[in-house]
Structures are given as C-alpha cells and as structure tokens.
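Tertiary structure, described
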Amino acid sequence: MDPLGTDTVFAGSIPQVYDRYLVPLIFAPYAADLALRTVRRQPANVLEIAAGTGVVTRQLAEMLPPGVSIVATDLNQTMLDQAAAEGTSRPVEWRQADALHLPFPDEVFDVVVCQFGVMFFPDKARAFAEARRVLRSNGQFIFNVWDRIEHNDFADTVTRALGTLFPDDPPRFLARVPHGYHDPSLIAQDLARGGFTRSPQMTTLPARSRAVSPRIPAVAYCQGTPLRGEIEARGPSRLLEATDIAMSAIAHRFGSETVDGKIQAHIVAIDV
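Described in the following lines is the structure provided in the data block. Everything numeric here is computed off the predicted structure, so don't read it as measured data. (Residues numbered from 1 in each chain as written. Predicted model: local features only at pLDDT ≥ 70, side-chain atom pairs only at ≥ 80, totals over all residues. Heavy atoms only, no water.)

Turning our eyes to something else, we now look at the overall build of the protein. In terms of regular secondary structure, the protein is built from 10 helices and seven strands. A compact globule built from 272 residues would reach a C-alpha radius of gyration of about 19 Å, and the protein, at 18 Å, matches this within 12%. C-alpha atoms of the protein, sized along the principal axes, occupy 50 × 35 × 30 Å. Out of the 272 residues belonging to the protein, those deemed buried represent 55%. In the protein, once contacts between residues fewer than 6 apart in sequence are set aside, the share between residues at least 24 apart is 80%. Surface summary for the protein: the accessible area is close to 11,400 Å², and the carbon and sulfur share equals 50%. The protein carries 26 positive and 31 negative side-chain charges, and their two centres are separated by 4 Å. (Helix = DSSP H or I, 4+ residues; strand = E, 2+ residues; numbered from the N terminus. Rg over C-alpha atoms; globule rule 2.2 N^0.38 Å. Buried < 20%, exposed > 50% of the residue type's maximum accessible area, 1.4 Å probe, protein only. Contact = heavy atoms within 4.5 Å. Areas by Shrake-Rupley, 256 points an atom, 1.4 Å probe, with all protein chains shown as cover. Lys, Arg positive; Asp, Glu negative; His and termini not counted. Charge placed at Lys NZ, Arg CZ, Asp CG, Glu CD.)

In structure tokens:
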C-alpha cells in the first residue's frame, strides 16, 4: 500500500541525487551483471523497461554490438531526461512508457530487461504479460529485485534510524517497495499469471556497497528516492534532520570514514 501516493514519484531533484549517489552506491554492480546476461543472448534488439537514469542502458550501449537496437523506457520523463543528459556511448531510443501498457507491437524484441523496476509496478502480472507480449518466440525476460531489507545493510540501517525519528509513523518506503518483492515463489506465480509457461531461473547475488563517507548513503536513500516524499510529508523541514539521523546511524554501525555494507538481490530470467 502506498499511503501517500508517492512510491513511484521521482520528481524535483530526486533524479539528480539518485544518479549522483544511489547509482554508484548500489546499482552499478548489478547493471553490469544484467548487461552481460543480455549480451549472452546475442539479441538483435533490446527493450529496457523502468530504465531510470540509464545505468543499465549505458552498459548495454557499451557491451552490445553497434547494430543491436536499444529502446529504453521509463514511466517518469524526469528520469529519462537525466539519463539522456548523462548520455550513452552510442545512440539509443529514449521513450516514456508505462510498463503496464507498453506502446509496442507484439513479438518485436529479443530481450526485455528491467533493473530493480518490477517492485514499483502496481500490477506485476499485468506488467509481466506486457513483457511477454512484446517478446519474440525464444526471447527472454531478464530482471532483478532486491532481497529482503535485512540483507541490505544501508537500507536497513536508514529505515531503522527513521523509525526512531518518527516512532509514531515511521517511513517504510524502503521496506515496502524496493525490498518488498523478494519471495521467489510469489515472483514465479506472478510470471505464470502473466502468461509465462516456463519456470524462471533465479539466482541470489550478493555484492558490496561502498562510499567514502556515511553521509553518501544517507543522502542517497533519504533524498534520492521516493522516501523523500514520505519524510517531507511529516514536515517540509524534516528532510535534513532525517538525513542527519540516517548518517549518524550509518556512522555508528560502519564507521565515520569509508563505509562498506552488504547488498543482495535476486536475478530472474525466463524464456518465452
């Protein structure tokens, strides 16, 4: 449940903060992994959904042969604008699109790829059905989701810290959305409801998240995600206070200089 209607809102300065802090902190290692899995399929064309600020798109542009077409979509035009401003090593097509209503004909892509986006889809089976619809025969849908929040150190620490700041109404965006869709059996059920008839291949992949100071993950999560909307809804002046509380908690747990925490995700691949 999205009590404030902000779970999918990436507006204002969020795209810039997201791209500057969150992308190198947690997304970059998994972007390389998804791009490599896509390359192994030797596709002629690729559709990326929920592309965000383009961390996977940039990897795809570098790793895929020049003749492979790449279409990168996201629900939020502000995120695509940030992605386009960052640029890619070769041209890609940026297109605003809702993953639940993809504006493409049936059976036109060899691979559909999505990094940490499916958790945001309000109807996951519908989004999966759309991915399957636009895939050619023998195509593949590849995506990843974060594991439960307890396996992701900085997100867990920030969430617990904000619980002490707002004990009567703790912001739960990180646990509810990014880390709220981690059950392999539920994912398999939703894929089946979306029309996939084969069994998905699932891999759990741990990695490390590092930053030169505890303030970086605090700013990344509190100001570069829709968690910001939850915090500001409790008072417009509370954002800096919340960021400081999160920073102190990270410093207490991981040290006051360079910080290093565990992150963990599930990688899902399923053939048509």
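Membership of the largest hydrophobic core comes to 86 residues, with the highest contact counts inside it found for Phe141 and Phe143. No other element matches helix H1 (residues 14-40), which puts 12 residues into this core. Residues within four places of Phe143 in sequence aside, it is in contact with Leu34, Cys114, Val118, Phe128, Ile187, Leu191, His266, Ile267 and Val268. (Core = buried A, V, L, I, M, F, W, Y, C linked by side-chain atoms within 4.5 Å.)

Counted by the stated rule, this structure contains 13 aromatic pairs. An aromatic cluster is defined as three or more aromatic residues linked by ring pairs; in this entry it consists of Tyr18, Phe27, Tyr30, Phe116 and Trp146. (Phe/Tyr/Trp six-rings, centres within 6.5 Å; stacked < 30°, edge-to-face > 60°.)

Now for the pairing of strand S5 (residues 135-146). Burial analysis of S5 places nine of its 12 residues in the buried class, which makes it a mostly covered element. By the bridge criterion, six bridges tie strand S4 (residues 109-115) to S5 in an arrangement that is parallel. The residue bridging Val112 from the neighbouring strand is Phe141, located in S5. Tracing the backbone out of S4, into helix H4 (residues 124-134) and back to the parallel element S5 gives a crossover that is right-handed. Pairing of S5 with strand S7 (residues 259-271), which is carried by seven bridges, proceeds in the antiparallel orientation. (Pairing = 2+ DSSP bridges. Right-handed = clockwise from strand over helix to strand, strands pointing away.)

Take the sheet that holds S4 next. Ordered in space as S3-S2-S1-S4-S5-S7-S6, the seven strands form an open sheet in which the pairing is mixed. Single-partner strands in this sheet number two, and they are strand S3 (93-96) and strand S6 (201-211). On average, adjacent strands in this sheet sit at an angle of 20° to one another, irrespective of strand direction. (Axes fitted to C-alpha atoms, helices over the stretch in contact; angles between N-to-C directions.)

Take helix H3 (residues 77-86) next. Looking at H3, one finds that the buried residues are Met79, Leu80, Gln82 and Ala83. Along H3, the residues classed as buried sweep out an arc of 160° about the axis, all on the same side. Residues of H3 that are buried sit in contact with H1, helix H2 (55-63), strand S2 (69-74) and S3. Just downstream of H3, Gly87 is the residue with a positive phi angle, here 85°. (Arc of directions from axis to C-beta.)

Our next topic: the pairing of S3. For S2 and S3, the ladder comprises four bridges, and the chain directions are parallel. Bridge assignment links Val71 to a residue of S3, and that residue is Glu93. Regarding the hand of the β-α-β motif, the stretch spanning S2, H3 and S3 is right-handed.

Despite not being glycine, Ala50 shows a phi value in the positive range, around 55°. Of note, Ala50 is situated in the loop between strand S1 (45-48) and H2. For Phe116, which is not glycine, the phi torsion reads 50° and is therefore positive. In this fold, Phe116 is placed in the loop between S4 and H4.

What follows deals with the pattern of salt bridges. Between side chains of opposite charge, pairing is possible as soon as their charged atoms come close. The final tally for this structure, using the stated rule, is 17 salt bridges. Note that Arg193 is salt-bridged to Asp190, the shortest N-O span being 2.9 Å. Taken together, the positions of Arg193 and Asp190, both in helix H7 (residues 184-193) and three residues apart, correspond to about one turn of that helix. For Arg193, a relative accessible area of 61% gives the class exposed. (Salt bridge = Lys/Arg side-chain N within 4 Å of Asp/Glu carboxyl O.)

The next thing to look at is the environment of Leu227. Mapped onto the secondary structure, Leu227 falls in helix H9 (residues 227-233). On a C-alpha basis, the gap between Leu227 and Thr159 in space is 9.7 Å, while along the polypeptide they are 68 residues apart. For Leu227, the contacting residues outside a window of four places in its chain are Val158, Leu162, Pro171, Phe173, Leu174, Tyr221 and Cys222.

None of the figures reported here should be taken as evidence of function without further support.
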